[in-house]
Structures are given as C-alpha cells and as structure tokens.
Amino acid sequence: MLADQDPVVLLQHAGLNSLTGKTGLAMLRHRRGPIVAVIDPDHAGQCLETVTGISRSVPVVKDLAEALPFRPSVAVVGLAPSGGVLPEALRSDVLQALKAGLSVASGLHTHLADDPELSAAIRPGRWIWDLRCEPKGLRVAQARAAALPCKRVLAVGTDMAVGKMSACLAVHEAALRAGVCSAFVGTGQAGILISGSGVPLDAVRVDYAAGAVEAAVMDAASTLPDTGLVLVEGQGSLCHPGSTATLPLLRGSQPTALLLVHRAQQSCIHRLPEIALPPLGDLIQLCEGLASIGRPQDAGPPPRVRAVALNTAHLSDAECERSSAELSETLSLPCVDPIRQGADALLKALLAS
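Source: prediction; values computed, not measured.

If you look at the biggest cluster of nonpolar residues, it comprises 50 residues, and the most contacted ones within it are L28, V76 and L259. With eight residues, helix α6 (residues 164-177) is the largest single contributor of residues to this core. Excluding residues that lie within four positions of it along the chain, L28 makes contacts with L10, L16, I35, V38, L48, I54, R56 and V58. Membership of the second largest hydrophobic core comes to 42 residues, among which are L154, V156, L277 and L283.

Following this line, the structure appears as structure tokens:
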C-alpha cells in the first residue's frame, strides 16, 4: 500500500541511534522514494548523517506539528521495539497524523487498525496498513518456484540482524545499475516497507510459511523475464536456537543460489555468547545440504553458497579490507561488505551460478 512516490515522515522516537529504530534506519538507507522528515525528539535539529552515518539529507524534527510543513502523505512507524508493542509516546503522533489526513504504515505486532480511536481517525481515502498480517488464501508449499526460469537467490545468515536485508537490497541495486531485471522479496517489516510488498514471515502460521514465501516469489518472478533475478530477504539463522525461519524460506523460494551473510569476526551468537558459531565452511555445507533436498528431481543443480556478504560496520577501513581478503582466500568465494565495498562482485558470482 506504500507507493514509491509517497512522501514519508518517519516516526523514529528515540530510534535514530538505537537498534529499536532499525526499521526506520533501513528505510533511510535504502528507500528510493521521498522521506521528507524524521521525528525523533532526542535528536531534533541535529544533522541526520552526524547521528546515523547515513548520507541522506532529511530534517530531524521533534514532533508531527514540525513535520507537517514538509507535506508528508504517509507516516511510517520506524521502530521495532521489544514485543512489537506501540509505545505510548509514539501513539500520540500516530493519532495526530491520522487526524491531519495522513495514512499510516506499521510493521508492529500491535495492529493499529484494531485500536478504535485510531481507526475512527482515518480520513476518507486514507488508510492504516498493518503489514504484519497473515496473507489471505495461503496454501501449503509444493516446490512450484523450482520451475521458474529466473535465478532465485536466498540470503542466509550466521545470526540475527547481521544485514541479510541490506545485502539483498545492495545486490538488487547493483543488478539494476547493470541492466539486470531484478526483484526483491521482503520478508520482514523493513523490507516490505522499503519495497512496498512481500510476506511478513513471522505473522504466518508455520504450516503455511513455506507456501507464503512460494507465493511471494512466484508473484515477484511474474514481473521478470526468464533471465531475471529474484532476491529473497533472509530471516533468522540456523545457528540461533530461537529461529525457525530458514527452512520455510529455503522450501518456498527453491533457490538457485545462496548468499551467506556474516558479521566479520563474529564467533558466537550475539546475544547468546555461550552458543558458538560453527566454522563458516561447515555452515556453508549445512546450508547447501538442506537446500539440496525438498526439490523436484528435474530442478537442476543443487544450490550452492556462491558468495559471502560481510557486515564490517564495526571495523576500520583497513580491517574491513583485511577481513574480506582473508575470508575470500579461506573460503575460495567472493567475500565483501556490499555497503562499504559495493555489491558488484556478489552480483557477478550469483549470476554465474
């Protein structure tokens, strides 16, 4: 429901320098359409690039009243707080936005449209988009995506929040620059808000999760020629004891290649340090093994990990270059940070699969 041309104001309360604001930060980094203002009282009046490191000229204001002169048409909840619950301070701006004639988009588990006061404030022709809702008409996956002629790449991560969406979007942007017809399938709130469509995987019942991914991939592929590329945003990690997302993504997308996403030099689950990450070579074999089953017999060669997207945000430039080179030599695969070093090498490896 969020169109590329819609002028957006981000509701980013206390989230410009916090992991809770990752949805809005991802939109600031990757959304191609206009973002006309960011609401964050903690950083009002400050330079966005100074606070976030994101090179985008957007004013940071204290409240909706200061944002309205920039003429937004959609207010987007840019926060992903623990439990997905709408903070009370942010709810006030949501209500004001609706009363001012804006539409509202939210990826929270709390469905804003279920709030009687918010729902009653919607102006004619405007809407609330609660994107974290299970799609209608789902069915069990049947490996239908395996018959698609286009290439399909799934991002698989060594941990949560390592940059699977950012890596896919960087490859997608590199493909478009190279003249390759490409589509991005968002599977989380930020990816869906940026692309305007996708499947909120964590809102889908487990029996239909692979089917929901399958339907989204089939839909994306329908817009591409046979030589096109579908990039599927990964979720979770096989290494994390609380994550179940990788299998339905594998089954539903029927990938032709895998893109491993890893935070450079990370050796354990970020918030569970007692759980060590396996050697990357072993994890690659595991991912490839799982991807090789549950496929039709005539589906072609089993998918392989063709490249590694590194997250080196915590490293210096020199450390980034050294880590990329060392891992490339160890794994005999292209290993680069697509944000700092560009995604062209990743794209080339994935298209060659």
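Following both chains from N to C, one finds helix α8 (residues 206-221) and helix α9 (residues 246-253) inclined at 45°, their axes separated by 7 Å at the closest point. Taken together, the axes of α8 and α9 lie oblique to each other. As for how α8 packs across α9, the hand of that crossing is right-handed. On α9, the residues that touch A209, A210, V213, E214 and V217 of α8 are P248, L249, R251, G252 and S253. Along the lines of polarity and charge, the residues of the contact of α8 with α9 split into six nonpolar, two polar and two charged.

This part is about the state of the cysteines. In total, this model carries zero disulfides according to the counting rule given. Looking at the unpaired C239, the closest cysteine sulfur is the one in C287, lying at 7.3 Å. Between C335, a free cysteine, and C320, which holds the nearest cysteine sulfur, the sulfur-to-sulfur gap is 12 Å.

So, about the sheet that holds strand β7 (residues 151-157). In sheet architecture, strand pairing relies on hydrogen bonds along the backbone and comes in two forms, parallel and antiparallel. In space, the six strands of this open sheet follow the order β8-β9-β7-β10-β13-β14, with parallel pairing throughout. Strands at the two margins of the open sheet, each flanked by one partner only, are β8 (182-185) and β14 (335-336). Direction of pairing for β7 relative to strand β10 (residues 257-263): parallel, over a ladder of five bridges. Looking at β10, one finds that V156 is bridged to L260. Of the strands in this sheet, β7, β9 (229-232) and β10 are in contact with α9, which crosses β7 at around 175°. Of the strands in this sheet, β7, β9, β10, β13 (304-311) and β14 are in contact with helix α12 (residues 344-351), which crosses β13 at around 170°.

Let us look at the layout of surface pockets. The gaps left among the atoms become clear once a water-sized probe is rolled over them. Of the volumes computed, that of the second largest pocket is approximately 420 Å³. Together, 18 residues line the second largest pocket, and H172, A183, F184, S195 and S197 are the ones closest to its centre.

Attention now goes to the pattern of salt bridges. Counted according to the given criterion, the structure contains seven salt bridges. R91 is paired through a salt bridge with E117; the nearest N and O atoms lie 2.8 Å apart. Taken as a pair, R91 in helix α4 (residues 88-99) and E117 in helix α5 (residues 116-120) lie far apart in primary sequence, 26 residues in all. When the shortest N-O distance is used, the salt bridge between R177 and D344 registers 3.9 Å. A residue pair is termed long-range when its members are at least 10 positions apart, and R177 in helix α6 and D344 in helix α12 qualify at 167 residues.

Another aspect to go through is the sheet that holds strand β3 (residues 60-61). Strand order in the open sheet formed by six strands is β3-β2-β1-β4-β5-β6, with parallel pairing between adjacent strands. A strand with exactly one partner marks an edge of an open sheet, and here the two such strands are β3 and β6 (128-130). Of the strand pairs in this sheet, strand β5 (residues 103-106) and β6 are connected by three bridges, and their pairing is parallel. Within β6, the residue paired with V104 across the bridge is I128.

Let us look at the side chain of S106. Tracing the backbone shows S106 in strand β5. Residue S106 is classed as buried on the basis of its relative accessible area, which comes to 0%. Setting aside residues no more than four positions away along its own chain, S106 makes contact with V77, L112, W129, D130, L131 and R132.

Further remarks concern the environment of K164. You can see K164 is positioned in helix α6. In the structure, K164 is positioned 145 residues away from A309 in sequence and 8.3 Å away in space, judged by C-alpha atoms. The contact partners of K164, leaving out residues within four places of it in the chain, are A155, V156, G157, D159, G234, Q235, G236 and V261. In this structure the side chain of K164 is engaged in a polar contact, spanning 3.3 Å, whose partner is the backbone oxygen of G236.

Right, let's talk about unusual backbone geometry for a bit. Peptide bonds are, in most cases, trans, and in most cases residues other than glycine have a negative phi. Look at Q265: it is not a glycine, yet its phi comes out positive at around 70°. Of note in the backbone geometry, S332 takes a positive phi value of approximately 55° without being a glycine. Within the secondary structure layout, S332 lies in the loop between α11 (317-331) and β14. Here S332 falls in the exposed class, since its relative accessible area comes to 66%.

With burial as the criterion, each face of strand β1 (residues 8-11) is covered, one bearing V8 and L10 and the other bearing V9 and L11. Relative to strand β2 (residues 35-39), β1 runs parallel, the two sharing four bridges. Its bridge partner being in β2, V9 is matched across the sheet by A37. This β-α-β element, β1 to helix α1 (residues 22-30) to β2, shows right-handed connectivity. Taken together, the four bridges between β1 and strand β4 (residues 74-77) define a ladder with parallel strand orientation. Within β4, the residue paired with V9 across the bridge is A75.

Cut-off values and rules
- Residues numbered from 1 in each chain as written.
- Predicted model: local features only at pLDDT ≥ 70, side-chain atom pairs only at ≥ 80, totals over all residues.
- Heavy atoms only, no water.
- Core = buried A, V, L, I, M, F, W, Y, C linked by side-chain atoms within 4.5 Å.
- Buried < 20%, exposed > 50% of the residue type's maximum accessible area, 1.4 Å probe, protein only.
- Helix = DSSP H or I, 4+ residues; strand = E, 2+ residues; numbered from the N terminus.
- Contact = heavy atoms within 4.5 Å.
- Axes fitted to C-alpha atoms, helices over the stretch in contact; angles between N-to-C directions.
- Parallel < 35°, antiparallel > 145°, perpendicular 65-115°, else oblique.
- Left-handed = near helix turned anticlockwise from the far one by under 90°.
- Nonpolar A, V, L, I, M, F, W, Y, C, P; charged D, E, K, R; others polar.
- Disulfide = S-S within 2.5 Å.
- Pairing = 2+ DSSP bridges.
- 1 Å grid on protein atoms, 1.4 Å probe; cavity = no way out; pocket = protein on both sides within 12 Å on 5 of 7 lines; lining within 4 Å.
- Points joined across faces, edges and corners; volume = space filled by probe spheres on them.
- Salt bridge = Lys/Arg side-chain N within 4 Å of Asp/Glu carboxyl O.
- Polar contact = N/O pair within 3.5 Å; in protein donor to acceptor, adjacent residues only side chain to side chain.
- Right-handed = clockwise from strand over helix to strand, strands pointing away.

None of this, on its own, says anything about what the molecule does.
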